[in-house]
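Read off the chains here:
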Amino acid sequence: MSSTSSCTLAYDEGSVLPTSAPEWAVSASERIREKRAMGITSRICPPEGVKSVLLHSCCAPCSGAMVEEMCSSPAIDKVVVFFYNPNIHPRKEYEIRKEENKSFCEKLGIEFIDVDYEVEEWYNRMKGMEFDPERGRRCTECFDMRMERTALYAHEHGFDAIATTNATSRWKDAKQVDDSGARAAAKYDNLEYWTHDWQSDEMTIRKYQISANERFYKQEYCGCSYSLRDSNDWRKANGIPKIQIGGETAGLGERYFSDPLVDAQEEFQDVVDEFFSQANEIAEAGKDHKERKKRLEVYKNRRKNEADDRIVNGLNNW
């Protein structure tokens, strides 16, 4: 490997899973231990002929397991992290996520490309979609904008492939993310978009082991101002404290990743599906404030007991 990806990823296996841990987590953790015992660090196969990868990164927590897999693959010579996320709002949240990601890359000896915060251009591209639901047209346009910029840089600097950490989160529609990446890469000859199941149980539990070991900042919403607005509306309807930007205290739960199993539970598929089901019903009201308020009332106090106990899974881990 070149110097940009010759990092030593000497993470331990995280917390020992309790006997009450769900079967998927136990199985995934066991597969990781078996790989380490056999001296295998990565089994992923990049597209044929790919030796250098420009990895678009949305944040450090989503980067950990993906960076580990790519850097430890004998087929990959070069991995560079590309931070281009003009969607993140407010600027304070943007700087927190960027600086943490940058520090993580510096620790591993991976090159980090910090691209301009083109927030005005982002808002221009989102016009008319301000009240679209998560995973709707606005999210597609947001992924397109970021992947187009990633692909352009990759083309200009001779990378073989691009990929994105957005594909690791179950809060994201993997097909929606991958389609944006493929469209962006298709604009240039000799550039591939790397498609892989980055949301597998093994990748998910590994992501949270690394996040806990690094004590990464636990963000409470996707990133854009519309996500912040809708997430806070949903929380209010469910009697849950609003999102806190930065600081040592989160609006709900822990401020930093600390327990891989607990953190992974916040990304259970049923938790994700419940959130989007409710959020989409609210989004259908568009900018009709009276109708939005009416729909929000449906969820009022639904989780009041959980909120009072501050035990609400899946609400502060994007």
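Because the structure is predicted, anything quoted here is derived from the model rather than measured.

What counts, and at which threshold
Residues numbered from 1 in each chain as written. Predicted model: local features only at pLDDT ≥ 70, side-chain atom pairs only at ≥ 80, totals over all residues. Heavy atoms only, no water. Helix = DSSP H or I, 4+ residues; strand = E, 2+ residues; numbered from the N terminus. Buried < 20%, exposed > 50% of the residue type's maximum accessible area, 1.4 Å probe, protein only. Contact = heavy atoms within 4.5 Å. Pairing = 2+ DSSP bridges. Axes fitted to C-alpha atoms, helices over the stretch in contact; angles between N-to-C directions. Phe/Tyr/Trp six-rings, centres within 6.5 Å; stacked < 30°, edge-to-face > 60°. Lys NZ or Arg CZ within 6 Å of the ring centre and 35° of its normal. 1 Å grid on protein atoms, 1.4 Å probe; cavity = no way out; pocket = protein on both sides within 12 Å on 5 of 7 lines; lining within 4 Å. Points joined across faces, edges and corners; volume = space filled by probe spheres on them. Nonpolar A, V, L, I, M, F, W, Y, C, P; charged D, E, K, R; others polar.

**Let's talk about the environment of Lys98**
Alright, step 1. Tracing the backbone shows Lys98 in helix 3 (residues 91-108).
Alright, step 2. Lys98 sits in the buried class, given a relative accessible area of 9%.
Alright, step 3. Ignoring anything within four residues of it in the chain, the contact list for Lys98 reads Phe83, Phe112 and Asp114.

**With respect to the sheet that holds strand 3 (residues 112-114)**
Alright, step 1. Ordered in space as 3-2-1-4-5, the 5 strands form an open sheet in which the pairing is parallel. The open sheet is flanked by strand 3 and strand 5 (192-193), the only strands paired with a single partner.
Alright, step 2. Examined bridge by bridge, strand 1 (residues 52-56) and strand 2 (residues 78-83) share 5 bridges and lie parallel to one another. Across the sheet, Val53 pairs through a bridge with Val79, a residue of strand 2.
Alright, step 3. Strand contacts of helix 2 (residues 60-71): strand 1, strand 2 and strand 4 (161-164), with the helix running at about 175° to strand 1, the strand carrying the most contacts.

**Digging into the packing of aromatic side chains**
Any two aromatic rings considered together are summarised by their centre-to-centre distance and by the angle between their planes.
Alright, step 1. On inspection of all chains with the given rule, the structure shows 10 aromatic pairs.
Alright, step 2. We note Arg97 situated over the ring of Tyr221; from NZ or CZ to the ring centre the distance is 5.3 Å.
Alright, step 3. Over the ring of Phe131 we find Arg229; its NZ or CZ atom is 4.3 Å from the centre of that ring.

**Let's talk about empty space enclosed by the protein**
Alright, step 1. If you walk through the whole model with that rule in mind, you get 5 cavities of 30 Å³ or more.
Alright, step 2. The calculated volume of the largest cavity comes to roughly 130 Å³.
Alright, step 3. Along the wall of the largest cavity there are 15 residues; nearest its centre are Glu134, Cys139, Cys142, Arg146 and Cys222.
Alright, step 4. Among the elements that make up the lining of the largest cavity, the one with the highest residue count is helix 5 (residues 137-156) (5 residues).
Alright, step 5. Here the lining of the largest cavity is built from residues that sort into 7 nonpolar, 3 polar and 5 charged.
Alright, step 6. Looking at the second largest cavity, its volume works out to about 110 Å³.
Alright, step 7. Forming the walls of the second largest cavity are 13 residues, and the residues nearest its centre are Cys58, Arg97, Asn166, Lys172 and Cys222.
Alright, step 8. Residues that form the lining of the second largest cavity fall into these classes: 5 nonpolar, 5 polar and 3 charged.

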